[in-house]
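Residues per chain, in single letters:
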Amino acid sequence: GAVVSQHPSRVICKSGTSVKIECRSLDFQATTMFWYRQFPKKSLMLMATSNEGSKATYEQGVEKDKFLINHASLTLSTLTVTSAHPEDSSFYICSASSQGAAGYTFGSGTRLTVV
Amino acid sequence: DAKTTQPTSMDCAEGRAANLPCNHSTISGNEYVYWYRQIHSQGPQYIIHGLKNNETNEMASLIITEDRKSSTLILPHATLRDTAVYYCIVRDNYGQNFVFGPGTRLSVLP
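Keep in mind the model is a prediction, meaning the values are calculated, not measured.

Calculation rules
Residues numbered from 1 in each chain as written. Chains lettered and ligands numbered in written order. Predicted model: local features only at pLDDT ≥ 70, side-chain atom pairs only at ≥ 80, totals over all residues. Heavy atoms only, no water. Pairing = 2+ DSSP bridges. Helix = DSSP H or I, 4+ residues; strand = E, 2+ residues; numbered from the N terminus. Disulfide = S-S within 2.5 Å. Buried < 20%, exposed > 50% of the residue type's maximum accessible area, 1.4 Å probe, protein only. Contact = heavy atoms within 4.5 Å. Buried area = accessible area lost by both parts, 1.4 Å probe. Salt bridge = Lys/Arg side-chain N within 4 Å of Asp/Glu carboxyl O. Polar contact = N/O pair within 3.5 Å; in protein donor to acceptor, adjacent residues only side chain to side chain. Nonpolar A, V, L, I, M, F, W, Y, C, P; charged D, E, K, R; others polar. 1 Å grid on protein atoms, 1.4 Å probe; cavity = no way out; pocket = protein on both sides within 12 Å on 5 of 7 lines; lining within 4 Å. Points joined across faces, edges and corners; volume = space filled by probe spheres on them.

Asks: Go over the pairing of strand 7 (residues 67-73) of chain A with me, naming the residues and quoting the values.
Replies: Residues and elements named next belong to chain A. Sheet topology places strand 7 next to strand 8 (residues 76-81); five bridges connect them, and they run antiparallel. Counted as the bridge partner of N70 is T78 from strand 8. What sits between the antiparallel neighbours strand 7 and strand 8 is a turn of two residues.

Asks: Now, about the state of the cysteines: what can you tell me, with residues and values included?
Replies: Under the criterion given, the structure shown has two disulfides over all chains. Here C23 of chain A connects covalently by a disulfide to C94 of chain A, the sulfurs 2.0 Å from one another. Judged by the sign of its S-S torsion, about 85 degrees, the bond between C23 of chain A and C94 of chain A is right-handed. Here C94 of chain A lies in strand 9 (residues 90-96) and C23 of chain A lies in strand 3 (residues 19-25), a separation of 71 residues in the sequence. Across the pair, C94 of chain A and C23 of chain A agree in class, each one buried. Each sulfur of the disulfide joining C22 of chain B and C88 of chain B lies 2.1 Å from the other. Linking C22 of chain B and C88 of chain B, the disulfide has an S-S dihedral of approximately -80 degrees and is accordingly described as left-handed. With C22 of chain B in strand 2 (residues 18-23) and C88 of chain B in strand 8 (residues 84-92), the pair connects residues that are 66 residues apart, well separated along the chain. Considered together, C22 of chain B and C88 of chain B belong to a single accessibility category, that of buried residues. With no disulfide of its own, C13 of chain A has C94 of chain A as its nearest cysteine by sulfur position, at a separation of 18 Å.

Asks: Summarise the interface of chain A and chain B; cite the residues concerned and give the values.
Replies: Between chain A and chain B, the contact holds 19 residues from the first and 19 residues from the second. Here chain A and chain B share an interface that buries about 1300 Å² over both sides, 56% of which is from carbon and sulfur atoms. Along the contact surface separating chain A from chain B lie zero salt bridges. Where chain A packs against chain B, one counts seven residue pairs in polar contact (both at pLDDT 80 or more). Those elements giving two or more residues to the side of chain A that touches chain B turn out to be strand 4 (32-38), strand 5 (45-51) and strand 9 of chain A. At four residues, the largest contribution of residues to the side of chain A that touches chain B is made by strand 4 of chain A. For the side of chain A that touches chain B, the residue count by class is nine nonpolar, seven polar and three charged.

Asks: So what about the layout of surface pockets? Which residues, and what values?
Replies: In this model, the largest pocket occupies a volume close to 670 Å³. Forming the boundary of the largest pocket are 29 residues, of which Q38, K41 and K42 of chain A together with V85 and R105 of chain B lie nearest the centre. Taken together, the elements giving at least two residues each to the lining of the largest pocket come down to strand 9 of chain A together with strand 8 and strand 9 (104-109) of chain B. One number sums up the size of the second largest pocket: a volume of about 460 Å³. If you trace the second largest pocket, you find 22 residues lining it, with L44, M45, L46, M47 and E59 of chain A closest to the centre. Mapped onto the lining of the second largest pocket, the elements with two or more residues apiece are strand 4 and strand 5 of chain A. If one sorts the elements of the lining of the second largest pocket by residue count, strand 5 of chain A sits on top with three residues. Tallied by class, the residues present in the lining of the second largest pocket amount to twelve nonpolar, four polar and six charged.

Written as structure tokens, this is what we have:
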């Protein structure tokens, strides 16, 4: 079945640094990928829709300059958290859809801790 | 906003059937009912989806009422590894993202 690989699974970084999270569709091409954020004991919240070859579409309240999304190929989307602060600590999850598949496939998530 | 309502939490004895309800009274004719689950610190996992008819796969069964305003996910023989948050989502096939509500936290007890 369709597999979405997300890397790294965990990352700890210092305040003020930037962190890049990768989301890869391993056995299919994904023109659209989605990035979600999840706080402890809360549900997933959509941050942005990543479109291959064009600018991402951000949800209201999500700073595009803070969360940079690049979708340069049909199998890779990256989310860069710039100038990270402790309040950016969260669980970040990507998802993608393969043609003909039921629903979307989600990555395993990245737990970001900013210290 | 999520278009579904689910109980916040449920318990189920190991080996018994787990029946998770979902209300989606405003569902439109072209919207499917999807079920995902999320085990702690992992990404959501697809379980099953349906439009009108009841559906069954190797993981679960989905029972949709005739008026489509509610549905029930059935895990026939729950195991401890089925402990997770279960999300019921309605979405049409042309929609973009999945909108997640709070879900139901299912605890399977030994």
